[in-house]
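Fold and contact review
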Amino acid sequence: MSAQGSPMSASTVIVHAEPLRRFVQTIVERGGSLPREAGLVAHNLVEANLTGHDSHGVGMLPRYIDNLLAGGLKANQHLKVVTDHGSLLTLDGLAGYGQVMGVEAMQLGIERARAHGVAVLGLANSHHIGRIGAWAEQCLDAGLVSIHFVNVISEPIVAPFGGSDGRFVTNPMCVGIPMGAGADPVVLDFATSRIAMGKVRVAYNKGQPVLPGTLIDADGQPSNDPGTMFREPHGALLPFGEHKGYGLAVACEILAGALTGGITLHQKPNPNAIINNMLSFVVDPERLGTAARLAAEARAFADWVKASPPAPGQDAGQRVMLPGDPERAVRRQRLAEGIPIDATTWAQLLQAGTRQGMTEAELLAIAQPH
Ligand code: NAD
């Protein structure tokens, strides 16, 4: 499933990015976070909505509040450096907000990649780090290539190739490649399941089925009902690309969950936390001496690949895109028109605010939905 503007139903509310940021920031601050932390969480979640990834946007906030109140997510933590060998670092996220840990880890990675040409970062034990593309974009803003492998310690919901129940989570990977000054970068960023779990939640909240080949039910039978993931006994998501996507998920699990000093999923996780571990490689093309070559070759290839005529049945105006293009298009649209939020997610967001002691009138005055 690609990033796209969500179809609107009568009950969808539209909220503009800036008031939505203030809305999230206020609720996170009510949870005890200092303003910088609340601002980072709000910025990151709203950016995910802006790029069309509602699965990792403000809809995550109610789960964060649940985890915070239950003690699985800790407010006001900072990255702890566990080992530091210059270009090799292991880091502990201390179950703090992933939006803080991601920013702080990438700041270190950028600094070390500039100093040494490359940085290898093992970030373990962070609470949910959201849309992984955000971390590639932070490196891209500094002109750096980055590669990220992530595992998730939460209820296992993705079945292995050839298996019939959940044994790991949606283990995303991401690659960011700068294409030279003035050119849009490549941002490849996806879950290794057919779709991200948050997209199953979005479909469930909208009462829509998912595409065939996405889910199996609790008996291991194919299903397109997202409800199978929300009723006991649970079904499971399938990996994308049969054994290949499954293999990539295994690589994410072990690289992110073990090489970093973190953990892999092989026992009952804490139900009150979503823990991410991430192995990141950050590379400075200037230090490698190939920055000019990278820009010239990558742009020539981009032009070449985009010149492929549309596939039969494809809209004639629909050009070939590069990874990162769909998100940029949705971002432009949503910045101008606002972010659509389905009725169920909106009700859950209001409830998250009222649980933090705010009135619905106060929340509506901040968000100004229409
Ligand atoms: P997706 O299926 O929408 O794929 C997105 C990727 O495919 C992007 O790189 C996009 O640019 C590219 N793409 C999409 N359509 C394209 C087209 N027509 N041509 C060229 N490229 C195209 O993403 P997803 O698997 O649903 O993942 C959504 C988000 O969820 C990601 O940001 C991911 O990092 C995040 N995620 C996070 C966690 C976590 O634990 N933190 C877990 C899973 C997923």
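Here the structure is a predicted model, which means the values were calculated and not measured.

Going through the model one piece at a time under the given rule, you end up with 15 salt bridges. The salt bridge involving Glu47 is made with Arg331; its shortest N-O contact spans 2.8 Å. On the criterion of sequence distance, the pair formed by Glu47 in helix 2 (residues 35-50) and Arg331 in helix 10 (residues 325-337) is long-range, its members being 284 residues apart. Residues joined in a network through salt bridges with shared partners are Glu18, Arg21, Glu47 and Arg331.

With that settled, consider the packing of aromatic side chains. Following the criterion strictly, the structure yields five aromatic pairs and no others. With centroids separated by 4.2 Å and ring planes inclined at 5 degrees, the aromatic side chains of Tyr204 and Phe230 adopt a geometry described as stacked. Linking Tyr204 in helix 6 (residues 197-206) with Phe230 in the loop between strand 9 (222-223) and strand 10 (236-237), this pair joins segments that are 26 residues apart in sequence. For Phe230, a relative accessible area of 33% gives the class partly exposed.

To continue, consider the sheet that holds strand 8 (residues 215-216). Read across the sheet, three strands follow the order 9-8-10 without closing on themselves; strand pairing throughout is antiparallel. The sheet terminates laterally at strand 9 and strand 10, the two strands that pair on one side only. Where strand 8 and strand 9 come together, two bridges link them in antiparallel fashion. Along strand 9, the bridge assignment pairs Leu215 with Ser223.

A word on the sheet that holds strand 5 (residues 145-153). Strands belonging to one sheet form pairs held by backbone hydrogen bonds; the direction of such a pair is parallel or antiparallel. An order of 2-3-4-11-5-6-7 is seen for the seven strands of this open sheet, with the pairing classed as mixed. Every other strand in the sheet has two partners, leaving strand 2 (80-84) and strand 7 (186-191) as the edge strands with one partner each. Neighbouring strand axes in the sheet, compared pairwise and without regard to direction, differ in orientation by 15 degrees on average. Bridge count between strand 6 (residues 172-177) and strand 7: six bridges; the pairing is antiparallel. From the neighbouring strand, Ile177 faces strand 7, where its bridge partner is Val186. Helix-sheet contacts for helix 7 (residues 242-259) involve strand 5, strand 6, strand 7 and strand 11 (275-283), and the interaxial angle to strand 5 is about 85 degrees.

So, on to helix 10. Over its 13 residues, helix 10 runs 19 Å from end to end, which matches the ideal 18 Å to within 8%, given 1.5 Å per residue. Among the residues of helix 10, Asp325, Pro326, Glu327, Arg328, Val330 and Arg334 are the ones counted as buried.

Bringing unusual backbone geometry into the picture now. Between Glu232 and Pro233 the backbone carries a cis peptide bond, its omega angle lying at -15 degrees. One can find Pro233 in the loop between strand 9 and strand 10. Although it is not a glycine, Ala95 adopts a positive phi angle of roughly 55 degrees. Of note, Ala95 is situated in the loop between strand 3 (88-92) and helix 4 (98-116). A residue is classified by how much of its surface remains accessible, and Ala95, at 10% relative accessible area, is buried.

Thresholds, definitions, all that
Residues numbered from 1 in each chain as written. Predicted model: local features only at pLDDT ≥ 70, side-chain atom pairs only at ≥ 80, totals over all residues. Heavy atoms only, no water. Salt bridge = Lys/Arg side-chain N within 4 Å of Asp/Glu carboxyl O. Helix = DSSP H or I, 4+ residues; strand = E, 2+ residues; numbered from the N terminus. Phe/Tyr/Trp six-rings, centres within 6.5 Å; stacked < 30°, edge-to-face > 60°. Buried < 20%, exposed > 50% of the residue type's maximum accessible area, 1.4 Å probe, protein only. Pairing = 2+ DSSP bridges. Axes fitted to C-alpha atoms, helices over the stretch in contact; angles between N-to-C directions. Contact = heavy atoms within 4.5 Å. Expected span 1.5 Å × (residues − 1).

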